Amino acid sequence: MTEMPVDRPDVIPPSRLRRAWDSDFAWSFRHSPVAMVSAFFTALLVLSAVFAPLLATTNPYDPASLNLMNGFTAPGTPNAFTGESFLMGTDDQGRDVFSTILYGMRISLFVGFAAVLLAMLIGVTLGLVAGYRGGWVETLIMRTADVQLTFPAILVAMLIFGIAKGVTPVEYRDQMAIWVLILAIGLSDWVQFARVVRGATLVERKKEYVQAAQLIGRSGFAITFRHILPNVLSPVLVIATISLALAIIAEATLSFLGVGAPPTQPSLGTLIRIGQGFLFSGEWWILFFPAVTLLVLALSVNLLGDWLRDALNPRMR
């Protein structure tokens, strides 16, 4: 059997793009219809929210652009007074439902991404500290996590939201409502990150590279955040993707209950709460289209997270 030459100048090595295309991760994505469809809808909705000022026909947050005579216009039907037609109809204030959905998704996605980043920052940090330090530090952190897990996340978020809003001055409550909402959801979702990272850290700290770093005198901070952290990020990415869908649903739930986004900056949950009041009077579109958008967004992100969990799990290959 002849051996292949090691160095051949006539052979062009594959580019990074080609190696990425031929990787197991890309192969798994190309052969998963559910992943491709969910990624398409996720990208479509996220890009629609990002470019909402370019796609929306009007700015629903600008009172000067509203016409009350357009109120309660059915989808695709010309208004009896102005003759204007709207793709998804209008609400009670004459706002184009399509435009309100685009701007509402911006609020929902911003709250979801920011809350997940906050939860990930808190949970990963505490999980690394608990797994590497051990002792009473680990006991304190994990028992706190266990106590929080005994309560539903939505109740914890409502409690934190109520306390944070109570200490906020009255004149700043509407301006700070979105940030308070992010704080409430983020502080209620850090436990999953901490538990997973703590378990992975317990495995990683027994490996040779950690022991070698300890022998050469590296500090505990350097070992934890420069050596162990990169090796525990795979499950964190999966949890973050799934938590994004849960954070969007939590924001919609809080806004639907009236303790989330203010009416001046309505999210998808606020739009659903507004539309629910007109459902039985015949204006079904005010509730239907925001609800369908929230369903598609949360379902797409959740299915994408499920595929990502399987793709990054070597046991599933």
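Residues numbered from 1 in each chain as written. Predicted model: local features only at pLDDT ≥ 70, side-chain atom pairs only at ≥ 80, totals over all residues. Heavy atoms only, no water.

As annotated in an unreviewed UniProt entry, the chain carries the name ABC transporter permease and comes from Pseudaestuariivita atlantica. Among the UniProt annotations of the chain, the heading Subcellular location (unreviewed entry) holds the following wording: "Cell membrane". (UniProt positions renumbered as here; feature names shortened; annotations may be inferred.)

Caption draft 1: Summary view of the UniProt feature "transmembrane region" (unreviewed entry) in the chain. Sites flagged by UniProt as "transmembrane region" (unreviewed entry) map to residues 34-56, 107-132, 144-164, 176-197, 228-250 and 284-308. With 83% helix and 0% strand, residues 228-250 has its two end C-alpha atoms placed 31 Å apart. (Helix = DSSP H or I, 4+ residues; strand = E, 2+ residues; numbered from the N terminus.)

Caption draft 2: Spatial organisation of the packing of aromatic side chains. In this structure the tally under the stated criterion is 10 aromatic pairs. For the pair F40 and F41, a centre-to-centre distance of 5.4 Å together with 75° between the ring planes defines the contact as edge-to-face. Arranged with centres 5.2 Å apart and planes meeting at 65°, the rings of F72 and F278 form a pair that is edge-to-face. Of this pair, F72 sits in the loop between α4 (52-55) and α5 (97-133) while F278 sits in the loop between α13 (268-276) and α14 (285-311), placing them 206 residues apart in sequence. Clustering of aromatic rings is evident, with ring pairs tying together W284, W285, F288 and F289. (Phe/Tyr/Trp six-rings, centres within 6.5 Å; stacked < 30°, edge-to-face > 60°.)

Caption draft 3: Representation of the pattern of salt bridges. With the rule as written, the count across this model stands at seven salt bridges. Linking R198 and E138 is a salt bridge whose minimum nitrogen-to-oxygen distance equals 2.4 Å. With R198 in helix α9 (residues 190-204) and E138 in helix α6 (residues 135-149), this pair connects stretches of sequence that are 60 residues apart. On the accessibility criterion, R198 (26% relative accessible area) is partly exposed. Since its relative accessible area comes to 14%, E138 is described here as buried. A salt bridge links R309 to D306, with the shortest nitrogen-to-oxygen separation between them at 3.8 Å. One end of the pair is R309 and the other is D306, both in helix α14 and three residues apart, which spans about a single turn. Judged by relative accessible area, which is 43%, R309 ranks as partly exposed. With a relative accessible area of 24%, D306 lands in the partly exposed category. Among the charged side chains, a network of salt bridges with common partners joins R143, D146 and R195. (Salt bridge = Lys/Arg side-chain N within 4 Å of Asp/Glu carboxyl O. Buried < 20%, exposed > 50% of the residue type's maximum accessible area, 1.4 Å probe, protein only.)

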